[in-house]
2 protein chains.
Amino acid sequence: MSDRLATRLTRRYGLALPVVLAPMALAAGGALAGACARGGALGLVGGGYGDLDWTRREYTLARQLAGSGALGCGFITWKLDQDASALDWLLDQPADQLPRAVMLSFGDPRPYAARIARAGIDLICQVQRLQQLPQAIEAGATVVVAQGAEAGGHGMNALNGRATLSFVPEVADWLATHAPDTLLLAAGGIADGRTLAAALMLGADGALVGSRLWATRESLAAEGAKRQATQTNGDGTARSGIFDILRRKNWPAPYDFRAIRNDLHRRLELQLDSLRAHPEAARAEYEAAVAAGDYSAAHATVGEAVGLINDCPPAQAVLQRMADQARVRLS
Amino acid sequence: MSDRLATRLTRRYGLALPVVLAPMALAAGGALAGACARGGALGLVGGGYGDLDWTRREYTLARQLAGSGALGCGFITWKLDQDASALDWLLDQPADQLPRAVMLSFGDPRPYAARIARAGIDLICQVQRLQQLPQAIEAGATVVVAQGAEAGGHGMNALNGRATLSFVPEVADWLATHAPDTLLLAAGGIADGRTLAAALMLGADGALVGSRLWATRESLAAEGAKRQATQTNGDGTARSGIFDILRRKNWPAPYDFRAIRNDLHRRLELQLDSLRAHPEAARAEYEAAVAAGDYSAAHATVGEAVGLINDCPPAQAVLQRMADQARVRLS
């Protein structure tokens, strides 16, 4: 009997399961991306804000650890508009060290598409709304990621952001009409074999997995943050602009950020206008907490799927569990 | 080969597919509930705000149309706290005319549990957060509905509401530990065979379906609202308190309401504080639009799954399509 986890994604990148590591800034470093690639997923290094030194170091480490596994790198598009040196460095690698794919999120991917294509690298574009799809296809995306607002980290605002369950089949229908050769990944809420199997039912070729792989031994997330996440259920996150204000991240509308709704977040929800006008005191409190590893104020970047996460094993064990459970569901 | 759509839900109520009609106030009348029951789903009349005359008329009609199909009725719990006469009427029916189930949402179900149990009727409790589960189990719920914030109509607020994809398996895990005989339905975002199959992968025994059955010939929703819905994609809804303010519905926190984000909604989003303080002018505009059937201001109550809805067929055709498509996915 054919493998129910074999999809266009696994065939294109030679994967053991249809999973891509989300390129989580500062968490998806070389150790995690390398472990995921070795474990049969596509490992995307979290180039994030585009820091050249960080990207160079972590991508190089990922290559050392990945064996023959598939690697890539992700960037925040609107940050590339300010400084694309990390992407430039990546595209200048020798042919045998180039990534298989570059993922771009949160901005217009078209200015970078030609350089990525010229290097023979696949472009993965993440969208949060249907209306962003034409831009991704115009950029020549090989893979589109449909990200629901339940995802951790940055995404689309709560008022009318999309949720994964109905967004993915709607994107699948759009692609079937407009770009049937484009692969589709589901992102947001996928953290075990059940949610992976559900993503395949929705018409996705696989899943982009963040929180579940964030909470692994190889992730660069702080130990205190990981510990808090394993003790938090899915009711305990929130999407807002609060942690971006505290971290001086100048994110453009309509993007905001999901993380654990800790004590500081709860307090600041009630005084958002004054936080925006006078952020200094809250920033000082936040920065002191980060330095002290105090997660009642420092943030832990996970999505609603944190309610399905109760441990912090090696990434390879997570991938194996997801594949095993999904195969049982789908058999 | 066994039917992949046979679940604890279909066995308990003798259904042809694991689908329950959401008891949508003013839309799920007797014609729609009866058609769903006849079509092999559990048809819940939308008792909603608990109007006795409406409930009596529509439930009686549903019974005439349902044949041997399974029927029930749903109520808004906090409205029952003010006036339970419609529930009282229902529970006083002769034994052979009693509903199979009563569904309670948005409030504490425990005060009504004993009367419902005494009549031999199943209690279905809808929850929007994990923290509401113990109350539902204490009330003796036979079925728990885990509702994601992508659902149309009332639900839990956007800041930290849950989305269906990760909420359902988290509830399934909780029930497996605390109440393994309790059935589980997924609600929010389920509108075709793909999303139904996904709900089963997540560990649900079936799905509560709103928007897709709202947009049917038998639904009591206004024709203009249905027409607008078939032309709106999933990006085009929003969750807020705006339409409740306009309709003078005094909903308690933290509940809010998802509908199509029409021109009036977009305008009022920018002036929420002044709308709350002085709603009169906007209410007059809204009421005139309702009277005129102008859906640039009157509301159409659907969820994000509206992006999967492009027509308005008879309910039985919708159910048949969902079952056929889900069986193909699951085979």
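Residues numbered from 1 in each chain as written. Chains lettered and ligands numbered in written order. Predicted model: local features only at pLDDT ≥ 70, side-chain atom pairs only at ≥ 80, totals over all residues. Heavy atoms only, no water.

### Examining the interface of chain A and chain B
Facing 47 residues of chain A, the contacting portion of chain B comprises 48 residues. Together, Leu165(A), Met201(A) and Asp235(A) form the three largest contributors to the area buried by chain A at its contact with chain B, with a combined 20%. Counting the contacts that link chain A with chain B gives 6 salt bridges. In this structure, Glu304(B) and Arg162(A) form a salt bridge, with 3.1 Å as the shortest nitrogen-oxygen distance. Summed over the shared surface of chain A and chain B, the result is 22 residue pairs in polar contact (both at pLDDT 80 or more). Elements represented by at least two residues in the side of chain A that touches chain B include exactly helix 8 (164-178), helix 9 (193-201), strand 10 (237-240), helix 13 (263-269) and helix 16 (315-330) of chain A. When residues in the side of chain A that touches chain B are grouped by element, the largest group, 7 residues, is from helix 8 of chain A. Here the side of chain A that touches chain B is composed, by residue class, of 17 nonpolar, 16 polar and 14 charged. (Contact = heavy atoms within 4.5 Å. Buried area = accessible area lost by both parts, 1.4 Å probe. Salt bridge = Lys/Arg side-chain N within 4 Å of Asp/Glu carboxyl O. Polar contact = N/O pair within 3.5 Å; in protein donor to acceptor, adjacent residues only side chain to side chain. Helix = DSSP H or I, 4+ residues; strand = E, 2+ residues; numbered from the N terminus. Nonpolar A, V, L, I, M, F, W, Y, C, P; charged D, E, K, R; others polar.)

### Remarks on the side chain of Glu218(B)
Residues and elements named next belong to chain B. Residue placement: Glu-218 occurs in the loop between helix 10 (211-214) and helix 11 (223-230). Buried within the structure, Glu-218 lacks any salt-bridge partner; Arg-38 is the closest side chain of opposite charge, at an N-O distance of 5.2 Å. Side-chain polar atoms of Glu-218 contact the backbone nitrogen of Ala-315, separated by 2.9 Å. When sequence neighbours within four positions are dropped, the list of residues in contact with Glu-218 reads Ala-31, Leu-32, Ala-35, Pro-313, Pro-314 and Ala-315. (Buried < 20%, exposed > 50% of the residue type's maximum accessible area, 1.4 Å probe, protein only. Lys, Arg positive; Asp, Glu negative; His and termini not counted.)

### Here's the deal with the domain arrangement of chain A
Residues and elements named next belong to chain A. Domain boundaries in chain A define domain 1 (8-221 + 310-330) and domain 2 (223-292). Residue-level contacts link 25 residues of domain 1 with 17 residues of domain 2. A combined buried area of about 1,700 Å² lies between domain 1 and domain 2, and 60% of that area is made up of carbon and sulfur atoms. Among the residues domain 1 hides against domain 2, the three largest losses belong to Trp-78, His-154 and Trp-214. Together they make up 29% of the total. Seen at the junction of domain 1 and domain 2, the total is 0 salt bridges. Joining domain 1 to domain 2, the criterion identifies 10 residue pairs in polar contact (both at pLDDT 80 or more). Among the elements that make up the side of domain 1 that touches domain 2, the one with the highest residue count is strand 7 (residues 153-156) (4 residues). (Domains from an automatic or database assignment.)

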